[in-house]
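# Observations on the three-dimensional arrangement
Residue-level listing of the chains:
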Amino acid sequence: MRKTAFLAVAAAVGVGLYWFPPAVLQAVLHDYLCICLLAYVTLVLVVSFLLPGQEVERVDPSGKAVLITGCDSGFGWLLATRLDALGFVVFAGCLAPDREDALQLKKRASPRLHVLELNVTDDWHVQRALSYITEHLKEAELWAVVNNAGIGFVGEIEWCSVDQFQKILDVNVLGVVRVTKAFLPLLRHSRGRVINVASTAGRLTLPMYSAYSMSKRAVVAFSDALRQEMHKFDMTVITIEPSLYRTHIAMADPYIDANKKSWSKTPTDIREDYGEEYFDAALTKIRASLEKARPQVDEVIHQMELAVCTRNPRHRYVPNGMTYLRTEILRHLPTTWTDKVFSGMSPSIKPRLAVRQESVKASK
């Protein structure tokens, strides 16, 4: 049995058992619904991983062009070289095309690859990229747009400035919207695809990841709506949802520096409520969290490649099977449970105000 057929049958069985439970299960479902749901979902996911997947049929890259944003480094840089090697015409959007990484990308690739300046927060940049790509497509058609450009911030809400929230949303969300809307006319005519790099953070929100999670959750929502709206044009919309991988976005030092800068601008009364000890512990947690980034970056590139090259791709790719399984289990747990699981991301010491409040409470 194929995975899709198995999952369809499993979903039907699950709904049937919920609405029409056998007498022997009624009391158990009534008293332990959440546990039963978690056990059933876990069983279904485990079995689905053991079943053979559908044979992958690939598209012919001849005459097909792909635009990738955020090719200065990381996923974008690696995907651009991979697709170029496969025979696609690649338009690699870089924020700084004159820097070493972008120059190396151009040097290593074939003449089919174009490096162009593209700041996804700038309407003029996007329109200029559209004009350039339209002019240089020649006999090719625009097959896919990969919205990969993104930035991050890790830090608590009270010292993450509104400007930092705005910057992340402008790049990670409005950048995706801006680029997608500009290139949709070309994609509609080629019946191509939009591939948006979201994150498992778009499904699960951890302490100190509020701004980043907000942006990636918005990307998931945008992708879901776009997928439904573009179905009538036979277009495909796909999300790639990796966890944290060892790329430039997972380097700790820039986040530490950004937190120190934000902390210095945070009102004195707020800093007093937290205390320097708590802030220092938060920085330690941030560094420890980022040091856990997975080094197997090729897992992500492989699934990005599948999203571009597969004739009938999935709507959602989560690199690494265990990451997918863990994410799905956590998504179905009660909020009180996940809050306890994620509490380990916060500093173990308490803020200064919380200590004072406990002292007053104990003295009463």
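So, a few notes on the structure that sits alongside this text. Residue positions are given per chain, counted from 1 along the sequence in the order it is written. Per-residue local features of the predicted model are confined to residues with pLDDT of at least 70, and side-chain atom pairs are confined, for both listing and counting, to 80 or more; whole-chain, interface and lining totals are unaffected and use all residues. To obtain the side-chain values, all non-hydrogen atoms of the structure were used and water was disregarded.

The next thing to look at is the pattern of salt bridges. Salt bridges are defined as contacts in which a side-chain nitrogen from Lys or Arg sits within 4 Å of a carboxyl oxygen from Asp or Glu. Summed over all chains, the structure comprises 20 salt bridges. Between Glu241 and Arg203 there is a salt bridge, with the nearest N and O atoms lying 2.7 Å from each other. You can see Glu241 sitting in the loop between strand S6 (236-240) and helix H9 (252-265) and its partner Arg203 sitting in the loop between strand S5 (193-197) and helix H8 (210-230), a full 38 residues away along the chain. Residue classification places Glu241 among the buried residues on the basis of a relative accessible area of 0%. With its nearest N and O atoms 2.6 Å apart, the salt bridge here joins Arg294 to Glu299. Salt bridges linked by common partners bring Arg203, Glu241, Arg316, Glu328 and Arg331 together as one network. Think of it this way: any DSSP run of H or I at least four residues long counts as a helix, any run of E at least two long counts as a strand, and we number them from the N terminus. To sort residues, take the accessible area from a 1.4 Å probe on protein chains only and compare it with the maximum for the residue type: under 20% means buried, over 50% means exposed, and anything in between is partly exposed.

With that out of the way, let us pick up the sheet that holds strand S1 (residues 64-68). Pairs of strands are assigned from DSSP output, requiring at least two bridges between the strands. Overall, parallel pairing links the seven strands, which are arranged S3-S2-S1-S4-S5-S6-S7 in an open sheet. With partners counted over all chains shown, the strands left at the sheet margins are strand S3 (114-117) and strand S7 (316-317), one partner each. Of the strand pairs in this sheet, strand S4 (residues 141-147) and S5 are connected by four bridges, and their pairing is parallel. Following the sheet pairing, Asn147 is matched in S5 by Asn196.

We now examine helix H4 (residues 74-86). For H4, with 13 residues, the first-to-last C-alpha span of 19 Å sits near the 18 Å given by 1.5 Å per residue. All buried positions along H4 are accounted for by Phe75, Gly76, Trp77, Leu79, Ala80, Thr81, Leu83 and Asp84. In the core, the buried residues of H4 are packed alongside S1, strand S2 (89-94), helix H5 (100-108), S4 and helix H12 (298-309). Downstream of H4 by a residue or two, Gly87 has a phi angle that is positive, lying close to 110 degrees. For a helix, the expected span equals 1.5 Å multiplied by the number of residues minus one. Working rule for contacts: check all heavy atoms of both residues, and any pair within 4.5 Å makes them a contact.

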